[in-house]
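Observations on chain architecture
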Amino acid sequence: MASHNETGKKGEELAAAWLEKSGFSLLHRNWRHSHYEIDIIASKNDKVHFIEVKTRSSNRFGFPEESVSDKKIENLMQAAEEFLHRHPDWKNIQYDVLAITLSNNQEPSFFFIEDVYL
């Protein structure tokens with residue numbers, strides 16, 4: 001597996017643990033529809049959160065959240081629309097980004113950006 005794939009997989013594991021520790025209930029990981037994917041779907045306080053996880057092993061090329069493009073958010077919203085079509089009971093929704101930086105010999109840093117929109 002390429003190192004960026006390993007970084008992404010490790011980031012999603014860390015994200016899931018961090019979200020649960022922060023009071024979220026995980027509903028789905030890597031939920032797919034067509035060519036769209038939502039990294040994590042979680043709930044908290046009667047709201048469903050569609051979460052894009054972005055992980056980097058350093059800030060050499062910028063912070064992880066800087067690489068979440070408008071197109072990526074559009075794709076997240078498209079996938080969420082299908083999820084909501086299949087699960088119409090969810091009325092309160094939110095789009096979030098969880099950026100994780102992994103640095104050698106340090107604890108991972110988490111930056112949670114809530115209620116992202118275009």
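Residues numbered from 1 in each chain as written. Predicted model: local features only at pLDDT ≥ 70, side-chain atom pairs only at ≥ 80, totals over all residues. Heavy atoms only, no water.

**Side note on the pattern of salt bridges**
For the structure on display, the rule yields four salt bridges. Ionic pairing is found between Lys72 and Glu52, a salt bridge with its closest N-O pair at 3.7 Å. In this pair, Lys72 sits in helix 2 (residues 70–86) while Glu52 sits in strand 3 (residues 47–56), placing the two residues 20 residues apart along the sequence. A salt bridge links Glu82 to Arg86, with the shortest nitrogen-to-oxygen separation between them at 2.9 Å. Residue Glu82 and its partner Arg86 are located together in helix 2, separated by four residues, close to a single helical turn. Judged by relative accessible area, Arg86 falls into the partly exposed class, the value being 46%. (Salt bridge = Lys/Arg side-chain N within 4 Å of Asp/Glu carboxyl O. Helix = DSSP H or I, 4+ residues; strand = E, 2+ residues; numbered from the N terminus. Buried < 20%, exposed > 50% of the residue type's maximum accessible area, 1.4 Å probe, protein only.)

**Focus on the packing of aromatic side chains**
Taken as a whole and judged by the stated rule, the model has six aromatic pairs. Ring geometry for Phe24 against Phe112: centres 5.8 Å apart, planes inclined by 80°, an arrangement best described as edge-to-face. Of the two residues, Phe24 sits in the loop between helix 1 (3–21) and strand 1 (25–33) while Phe112 sits in strand 5 (residues 109–113), which places them 88 residues apart along the sequence. Judged by its relative accessible area of 8%, Phe24 falls in the buried class. Aromatic rings pair up to connect Trp18, Phe24, Phe110 and Phe112 into one cluster. (Phe/Tyr/Trp six-rings, centres within 6.5 Å; stacked < 30°, edge-to-face > 60°.)

**Structural notes on the nonpolar core**
Counting residues in hydrophobic clusters, the biggest one holds 16 residues, and the most contacted among them are Ile38, Ile41, Phe50 and Phe83. Elements supplying a minimum of two residues to this core: strand 2 (36–44), strand 3, helix 2 and strand 4 (93–101). Residue contributions to this core peak at six residues, all from helix 2. Counting residues in each nonpolar core, the second largest holds 12 residues, with Ala15, Ile40, Ala42 and Phe112 among its members. (Core = buried A, V, L, I, M, F, W, Y, C linked by side-chain atoms within 4.5 Å.)

**Considerations on the side chain of Gln94**
Within the secondary structure, Gln94 is located in strand 4. A polar contact of 3.2 Å, which involves the side chain of Gln94, links it to the side chain of Lys47. (Polar contact = N/O pair within 3.5 Å; in protein donor to acceptor, adjacent residues only side chain to side chain.)

**A short note on the side chain of Thr101**
Looking at where Thr101 falls in the secondary structure, it is placed in strand 4. The residues contacting Thr101, other than those within four sequence positions of it, are Arg56, Ser58, Asn59, Pro64, Pro108 and Ser109. (Contact = heavy atoms within 4.5 Å.)

**Quick notes on the sheet that holds strand 3**
Adjacent strands of a sheet pair through backbone hydrogen bonds, lying either parallel or antiparallel. Here we have five strands laid out as an open sheet, ordered 1-2-3-4-5, and mixed in their pairing. Each edge of the sheet is formed by a strand with only one pairing partner; in this case those strands are strand 1 and strand 5. Neighbour-to-neighbour, the strand axes of this sheet turn through a mean angle of 30°, independent of strand direction. The pairing of strand 3 with strand 4 spans nine bridges and is parallel. Note that in strand 4 the partner of Lys54 across the bridge is Ala99. (Pairing = 2+ DSSP bridges. Axes fitted to C-alpha atoms, helices over the stretch in contact; angles between N-to-C directions.)

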